[in-house]
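# Secondary and tertiary structure notes
Here are the chains, one letter per residue:
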Amino acid sequence: MALAIEVKRLRKSFGALHALGGVDLEIEAGEFFALLGPNGAGKTTLINIIAGLTLATSGSASVMGHDVVLDYRQARRMLGVVPQELVYDPFFTVRETLTIQSGYYGLKNNEAWIEEILHQLDLVSKADANMRALSGGMKRRVLVAQSLVHKPPVIVLDEPTAGVDVELRQGLWRFIRQLNRDGHTIVLTTHYLDEAEALCNRVAMLKQGHIVALDSIRNLISSVSTCSMRLRLSPDILPTVLQPLMSEREEGFHILTLNGYSQIEDVLAALREEKTCILEMEILQPDLEEVFVTITGTAGVTRAAAFAS
Ligand SMILES: Nc1ncnc2c1ncn2[C@@H]1O[C@H](COP(=O)(O)OP(=O)(O)OP(=O)(O)O)[C@@H](O)[C@H]1O
Ligand SMILES: [Mg+2]
């Protein structure tokens, strides 16, 4: 079976700026995949190339086996993209926008599916309102709806929940999850890492145009060997030897960053040495956010490393 998305040695330069520096990526059909990275990492550039909206400087990309340049029409049919930027024609109603979009794909008699999408995205009451009369979050719902009119096997959502309220966010994810269960491949970019963690199976992290991590969420999290320990002590004083581990002070609690579970023993020994009592103790697992910070940026691990050395 063809890969949902295949990207080979993809480069994109804007003048002297290398937005993508040779990206290889394979996403299998049926995956729920997250494309993460800080601002300017190249996520939207990559998506735009896959959508045929931007030409790569070199390399290739295909959707369900169709090259996005050589076989543009087929590739485009296979793909629904929710763009990051709000783009819309202010003079059409929501329903007209979706009907016109269906027309682009040569789809007639698409009304039943359009109604279903309107319903799923809670747009029924706005179906006959002009686009310009919608709030920002509503417009984003219409963008999501537009990407789905031709029931594409591959759906790419570029920050679909930016500026969207909690209710829609939950409704949107229910719908997208259902589409994924029905066999659609989903590729999501988001800065809400808890969303990615809850929804996706596999993650690529992009930094300055390069993939710096590519793995399942579970593997990525276990690759970060740090964990945190939340302690309430009596007396409420952290022994000096433990000070380098301290990452945060919450009311009544000391939060330490540890190199791994084995370091728990060191902490307990240091507390015993000082005759400090533990009133409460909690071990916190790393989450995707910590993985992200560790892999793409700075902070976090250095404190625990200092104690270990
Ligand atoms: N049309 C363009 N002309 C010049 N530079 C561009 C253009 N489009 C993108 N860039 C640059 O390419 C880099 C990657 O941008 P891109 O929009 O792909 O990042 P992103 O990962 O989507 O970021 P964000 O999380 O902010 O959406 C940035 O440095 C950006 O300034
Ligand atoms: Mg972007």
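Residues numbered from 1 in each chain as written. Chains lettered and ligands numbered in written order. Predicted model: local features only at pLDDT ≥ 70, side-chain atom pairs only at ≥ 80, totals over all residues. Heavy atoms only, no water.

### Brief notes about the domain arrangement of the protein chain
Put simply, the rule is: These domain boundaries are the output of an automatic or database domain assignment.
Each assigned domain of the protein chain is listed with its residue range as follows: domain 1 (5–78 + 152–221) and domain 2 (225–285). A straight line from the C-alpha centre of domain 1 to that of domain 2 covers 40 Å.

### Concerning the site of ligand 1
The condition that has to hold: Put simply, a residue is near a molecule or strand once any heavy atom of it comes within 4 Å of that molecule or strand. Polar contact is defined as a pair of N or O atoms within 3.5 Å, subject to the rule that within protein one atom must be able to donate a hydrogen and the other to accept it, and that residues adjacent in sequence are counted only when both atoms are side-chain atoms. Working definition of accessibility: Shrake-Rupley area with a 1.4 Å probe, residue cover restricted to the visible protein chains. Gly is placed with the polar residues, together with every amino acid not listed as nonpolar (Ala, Val, Leu, Ile, Met, Phe, Trp, Tyr, Cys and Pro) or charged (Asp, Glu, Lys and Arg).
Not every one of the 14 residues close to ligand 1 is listed here, only the nearest: Asn39, Gly40, Lys43, Thr44 and Thr45. The side chain of Gln84 places a nitrogen or oxygen atom 2.8 Å from an oxygen atom of ligand 1. Contacts to ligand 1 include His191, whose side-chain N or O atom sits 2.9 Å from an oxygen atom. Relative to its free-state accessible area of 640 Å², ligand 1 is covered by the protein chains to the extent of 62%. The residue inventory of the shell around ligand 1, partitioned by class, reads 5 nonpolar, 7 polar and 2 charged.

### Regarding the sheet that holds strand β13 (residues 253–258)
Stated formally: Pairing between strands is defined by DSSP: at least two bridges between them are needed. Strands are runs of DSSP state E lasting at least 2 residues, helices are runs of H or I lasting at least 4, and numbering of each runs from the N terminus. Inter-axis angles, ranging from 0 to 180 degrees, are taken between N-to-C directions of lines fitted to C-alpha atoms, where helices are fitted over the stretch in contact. Here, residues are in contact when the closest pair of their heavy atoms is within 4.5 Å.
The 4 strands are arranged β12-β13-β11-β14 in an open sheet whose pairing can be described as antiparallel. Edge strands, defined here as strands with exactly one partner in the open sheet, are β12 (246–250) and β14 (277–284). Averaged over all neighbouring strand pairs, the angle between strand axes comes to 25 degrees, with direction disregarded. Relative to β13, β12 is paired through 4 bridges, and the arrangement is antiparallel. For Arg249, the partnering residue across the bridge sits in β13 and is His254. On the sheet, helix α9 (residues 263–273) packs against β11 (227–234), β13 and β14 and is oriented at approximately 15 degrees with respect to β11.

### Topic: the pairing of strand β8 (residues 185–189)
The line we're drawing: Residue burial is assigned from relative accessible area. The probe radius is 1.4 Å, only protein chains are included, and a residue is buried under 20% of its type maximum, exposed over 50%, and partly exposed in between. Place the viewer so that the strands point away; then a crossover is right-handed whenever the path from the first strand over the helix to the second strand goes clockwise.
Burial analysis of β8 places 5 of its 5 residues in the buried class, the great majority of the element. Taking every second residue as pointing to the same face, both faces of β8 are buried, with Thr185, Val187 and Thr189 on one and Ile186 and Leu188 on the other. Direction of pairing for strand β3 (residues 32–36) relative to β8: parallel, over a ladder of 3 bridges. What sits directly across from Phe33, in β8, is Val187. Note that strand β7 (residues 154–158) and β8 share 5 bridges and pair parallel. Looking at β8, one finds that Ile155 is bridged to Ile186. For the segment spanning β7, helix α6 (residues 166–181) and β8, crossover handedness is right-handed.

### Quick word on the packing of helix α5 (residues 136–148) against α6
Quick reminder of the rule: What sets the label is the angle itself: under 35 degrees gives roughly parallel, over 145 gives roughly antiparallel, 65 to 115 gives roughly perpendicular, and the rest give oblique.
For the pair α5 and α6, interaxial distance at closest approach is 12 Å and the crossing angle is 10 degrees. In terms of orientation, α5 lies roughly parallel with respect to α6. Contacts from Gly137, Arg141, Val144 and Leu148 in α5 reach Leu168, Leu172, Phe175 and Leu179 in α6. Residue classes in the contact of α5 with α6 are distributed as 6 nonpolar, 1 polar and 1 charged.

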